[in-house]
Amino acid sequence: MENISEVFARLDLDENNGLFIIQENSWKTNTAFPNRVIRLINEKIEPYAFFCFDNKPLILFFVNPRDKNKLHEAIWNFNESPIVIILENDVVQIFNGFSLDEDTKLLKPIGGEDRLNNFTYLELVTGKTWEQYKDELSYKNRVDYNLLENIKAARNLLVEKQGLNAKITNSLIGKVIFIRYLIDRKVKIKFDGISRTWSNSEFCDLLNDSFKVQAFFNYLDDKKTGFNGDLFPLTNDEFSLITHENYQVLSRLLQGEEIEINQPSLFEFYDFSIIPIEFISNVYELFIGEDNQKQAGAYYTPLFLVDYILKETVEQKLKSSGSDYNCKVLDPACGSGIFLVETLRKIIEKYISISGIEINSEAFKEAIKDIAKQNIYGIDKDSSAVQVAIFSIYLTLLDYLDPPEIETFKFPVLLNSNFFEADFFDVNSTFNIRLKDIEFDFILGNPPWKGNGMDEIGNKYLKNRRKNEKSLNKKYKIAINNNEIAEGFVFRVSDFCNRDTRVSFIVRSSILYNLGYNDNYSLFRQYWLEEYFVDKVFELASVRYEVFEKSNQPAVAPAAVIFYRYANGKVTDNNKIEHIALKQSRFFSLFKIFTINRSDYKNVIQKKLKEYDWLWKVLVYGSYLDFNFIKRLKEEYPSIKSIISNEVNFIEGTGIQYSSNPSYDSAHLIGKPFIDCYGVVSFFIIPDKIQTFEKSKVHRLRDERLFKAPMLLIRKGLDMNTLSIKSAISRIDALFKDSITAISVFDKKDINALMNISAIFVSDLLSYYSIYTFGSIGIEREQTQNYNKFSLPYLDLGVNDSIEKIENAYKSIYYEKQNLLHDEMHIQEFYAIIKHELLFINSIIYNRLKLTDVEKTLIDYALDVNRSLIVGNEIVMSKLFSALTYEDDILTEYAFLFLDRFKSNLSNQKEKFVIEIWHTNQIVGMLFKVIPVNQFTHDIYWVNKQNNDLEIINFLIQIGSEKITEKLFVQKDVRGFEKNGFYIFKPNEKRLWHKAIGYLDVNEFADAIIKEGRNAQ
């Protein structure tokens, strides 16, 4: 290959689709890169060109670079460009910009000229490149991940093996990182009387002398000689606890030696003048440690969520504020300060863009210090968190200065003026006075998540607020559920809100669904919806495993982002709430990028959520059609709870409770049958799991009528393959633990009711109802509370014969399997009986409910799509996210909905209404046309567009994944009207073309046509 122009031609890249040549210098004004990226491209990376996609320098191009080792290390530290293409002596080499080879000190190669076709414009924008190289581009290869692993190893050695105090260790590591930053930025230091730059090896030598190290640290902290500020302060007493061995660990870390066995350090390859400051937020996660995380309820905040919140808050304000660059932000649980760091960066960028000030001038240095002092505020109980947050702010300020200006820069004092180590609920802490009169634009953050997390100070605050609000005649008293500390934060912020302050918090999703002490409503949500305007909810529960993949406990970390305002006594009923429920998608499964589809968006009036608390769950997985269906079920049929509440016929409750310190005498129960929880499966109690009760004392006894047969035994958990409840009728008296709920009847004639309930518990209705109304299903842990189960409609089914057949079939299977030489074909015959009877039960339920075609389709969508998302095994998910095939029945069913709705109105003797379906593996389009009768052949006809690359690209661009953050896109449907019809294009994904979504789309188009007709009149 002769020149770089040929490479561009091979890749179909030019100035019209994102290629920028550095020498032309237009890239600075035609991109929206932050100052840091511009500086590094100019001074450190110096490519010949780059390809910009979604405002990222996606591919870097180089021609005959000079120092390859230095360049490769710089690109890896840059952490922005996954693909690097180098043309050297007419030879093309492609490298992975996210992965450095420790031996060669070069980026890991991807290939040569023969691989260029994998990186063409078409391959990049359709995602095929990322699908092919998803393993190589894993975050575990990236600089920030490796750096954190190295620091973690050093910290563990210092704290766990050498016994150094954790707080001192945190400060020590912070100081070392800062000094390494100064070294890599080539900032001159005059510690030894000569103003000069230092090397890493010189600093490592200094670490051999404890007294010199302390003197060096004090020099840098000094107000006259150093940087001033509050940079990981250490007292003389704390310095005295640091040993020579402690300093040697840091020296080994800096020199790239092994810190632990099988844990090599890459520190020698890091360039702290290039590494993004955001990694500090992850350092905080390590600093407080896993044990403290569980105790404090503090969890890792994914950077893309920070980006999303700032995009919706700070960025919008700065864009619309003209020449005003100030934006006052408080994070009341600031942790490492990641929200505040990114806010400060955006404010400074705005200031630079409008002020015309010369960067690095004394005026600029004073200005950015003043910006930090006037706009950035944080509170946290953890001293290490406050220290790291201040450190992060300091580094952000230095990031805008050149080395000569850094040498004379004095940090603003932030501790106890902008940042406070305090309990946010402590009304006597100094921050209350300091922050009282500040007009905050936004209060943002990720408050701790912890049930029973409100301590004495927090509960005292709630008690006093409840007392103070008593005279205000509020409809509800302030209250939280389960003493959840995040809910306390949601309310406490109103003390710092003016009429324009907007709040955005990342909270545990379950606070939107869990019920309170009454089992019928949430005390928290009652007060919140009454006293605050809720503007937006961004729900991530259904993608919790992917969002929190780096969290210590991803299984219990479902998150939602809530945007709200304090109403200050105003009526909130008519406020409109935007609800977005992020889902797993084919796009994410391939490229690890989240997409929001049209069906994930909902709008709801706040009053509706006050009236129907269960609507919160419908918003996550359903539509207004599901709301109407569930509302009908609740209004037209009695609940199971209303039936079993008749104490003349039924008694209901959980079993015996154990504890380590039992106090109730249970000796009279010894020897009675005892059923183990795991012995209860659908319609069958496993004989092997029936034992004898042997405890003389228990924590809590129950009404012994509960243990009298016949009784329906119900397990707490779910069958995770079907989302059905495991229950069985016991025809013998027996004891059981509190993990089982029983409904016992006093008259054996009422066993019919037990059979009806057991049938409902294994039906499609139960699965549907649990997905859309049960608080934890698809949100957190897949289990059910009794108030969820018993809210189901009760139906008199008359299916006793079917249930007895199922019971007998399970019994026959069990005893058949006891034989070593059992007949597998015989067993399958019994399973066939079970399947047949379950289908019959479902048909009876459908008939009793008088389901419409729409309602049947809604149940089908819940089972086929949403249940698959919740169950989430690889086989089911691969089927769900595989592309729909050409002439797929799902697409045909979708199309027929439009035919049924519009054909009679739009077809006549001269014209016919037809549907043209365009199919590719990425996109499906439907064109609804009115054509002349003489051109008519079929109602529906298909067009294969798979190999028409230009058309695919045009539609991809038209659909346009609108970028919100680096990992979050809005995937828009393209829909509109033409002279003789209308059209819709969507990604080729099953859930978007399901018949249930089709009903919604048909209604929208019908409404739009009616509206157009009115406008035409």
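Residues numbered from 1 in each chain as written. Predicted model: local features only at pLDDT ≥ 70, side-chain atom pairs only at ≥ 80, totals over all residues. Heavy atoms only, no water.

## A look at the environment of Phe20
Note that Phe20 resides in strand E1 (residues 19–21). Between the alpha carbons of Phe20 and Asp307 there is a distance of 25 Å; along the sequence they are 287 residues apart. (Helix = DSSP H or I, 4+ residues; strand = E, 2+ residues; numbered from the N terminus.)

## Quick word on the packing of aromatic side chains
All chains considered together, the criterion is met by 69 aromatic pairs. Summarising the aromatic geometry, the rings of Phe424 and Phe431 are spaced 6.1 Å apart at their centres and angled 20° between planes, so their arrangement reads as stacked. Relative to Phe693, the ring of Phe674 lies with its centre 5.9 Å away and its plane at 40°, an arrangement referred to as tilted. In this pair, Phe674 is assigned in strand E19 (residues 673–675) and Phe693 in the loop between strand E22 (690–692) and strand E23 (697–698), connecting sequence segments 19 residues apart. (Phe/Tyr/Trp six-rings, centres within 6.5 Å; stacked < 30°, edge-to-face > 60°.)

## A few points about the packing of helix H35 (residues 853–871) against helix H36 (residues 874–881)
To describe two helices that pack against each other, one gives the angle between their axes and the distance between the axes. Closest axis-to-axis distance for the H35/H36 pair is 9 Å, and the angle between their directions is 135°. With respect to H36, the axis of H35 lies oblique. Relative to H36, H35 is oriented so that their crossing is left-handed. Residue-level contacts link Asp864, Val865, Ser868 and Leu869 of H35 to Val876, Met877, Leu880 and Phe881 of H36. Looking at the contact of H35 with H36 residue by residue, the class counts come to six nonpolar, one polar and one charged. (Axes fitted to C-alpha atoms, helices over the stretch in contact; angles between N-to-C directions. Parallel < 35°, antiparallel > 145°, perpendicular 65-115°, else oblique. Left-handed = near helix turned anticlockwise from the far one by under 90°. Contact = heavy atoms within 4.5 Å. Nonpolar A, V, L, I, M, F, W, Y, C, P; charged D, E, K, R; others polar.)

## Quick notes on the side chain of Asn842
As for its position among the elements, Asn842 is in helix H34 (residues 824–849). We classify Asn842 as buried; its relative accessible area is 12%. Among residues more than four places away in sequence, those in contact with Asn842 are Ser763, Asp764 and Leu765. (Buried < 20%, exposed > 50% of the residue type's maximum accessible area, 1.4 Å probe, protein only.)

## Remarks on the sheet that holds strand E17 (residues 650–654)
With antiparallel pairing, the four strands of this open sheet are ordered in space as E17-E26-E24-E25. Each edge of the open sheet is held by one strand with a lone partner, namely E17 and strand E25 (724–730). Pairs of neighbouring strands in the sheet enclose a mean axial angle of 20°, with direction left out of account. Bridging between strand E24 (residues 711–719) and strand E26 (residues 740–745) involves five bridges; their strand directions are antiparallel. The partner of Met711 across the bridge, within E26, is Ser744. Where helix H30 (residues 751–761) meets the sheet, it contacts E17, E24, E25 and E26, and its direction lies at approximately 155° from that of E25. (Pairing = 2+ DSSP bridges.)

## Description of the sheet that holds strand E32 (residues 974–978)
What the five strands build is an open sheet, ordered E29-E27-E28-E33-E32; its pairing is mixed. At either margin of the open sheet sits one strand with a lone partner, and together these are strand E29 (940–944) and E32. Mean inter-strand twist for the sheet, computed between neighbouring axes without regard to direction, equals 20°. By the bridge criterion, seven bridges tie strand E28 (residues 923–932) to strand E33 (residues 981–987) in an arrangement that is antiparallel. Within E33, the residue paired with Phe928 across the bridge is Phe982. Against the sheet, helix H37 (residues 889–906) contacts strand E27 (911–919), E28, E29 and E33, and its axis sits at roughly 160° relative to E27.

## Thoughts on the confidence of the model for the protein chain
Keep in mind that low pLDDT regions are not for reading the predicted coordinates in detail. Of the residues in the protein chain, 90% have a pLDDT of 70 or more, and the chain-wide mean is 87. Per-element confidence in the protein chain ranges from a low mean pLDDT of 52 for helix H38 (residues 949–959) to a high of 98 for strand E7 (residues 329–331). Across residues 551–556, confidence stays below pLDDT 50; counting only partners more than four residues off in sequence or on other chains, it has 15 contacts. (pLDDT = per-residue confidence, 0-100.)

## A closer look at unusual backbone geometry
With an omega of 0°, the peptide bond between Ala709 and Pro710 qualifies as cis. Among the secondary structure elements, Pro710 is positioned in the loop between E23 and E24. At Glu46, a position not held by glycine, the phi torsion is positive, near 50°. Note on placement: Glu46 falls in the loop between helix H3 (35–45) and strand E2 (49–53).

## Some details on helix H21 (residues 456–468)
End to end, H21 covers 18 Å across 13 residues, agreeing with the expected 18 Å (1.5 Å per residue, within 8%). Residues of H21 that are buried: Gly458, Tyr461, Leu462 and Arg465. Along the long axis of H21, the arc covered by the buried residues comes to 95°, so they all point the same way. Across H21 from its buried face, at more than 90 degrees, point the exposed residues Glu456, Lys460, Lys463 and Lys467. Residues of H21 that are buried in the fold lie against helix H22 (485–492), helix H23 (523–531), strand E12 (532–539) and strand E13 (559–566). Capping the start of H21, Asp455 holds a side-chain oxygen 3.1 Å from the backbone nitrogen of Ile457, two or three residues further along. (Expected span 1.5 Å × (residues − 1). Arc of directions from axis to C-beta. Polar contact = N/O pair within 3.5 Å; in protein donor to acceptor, adjacent residues only side chain to side chain.)

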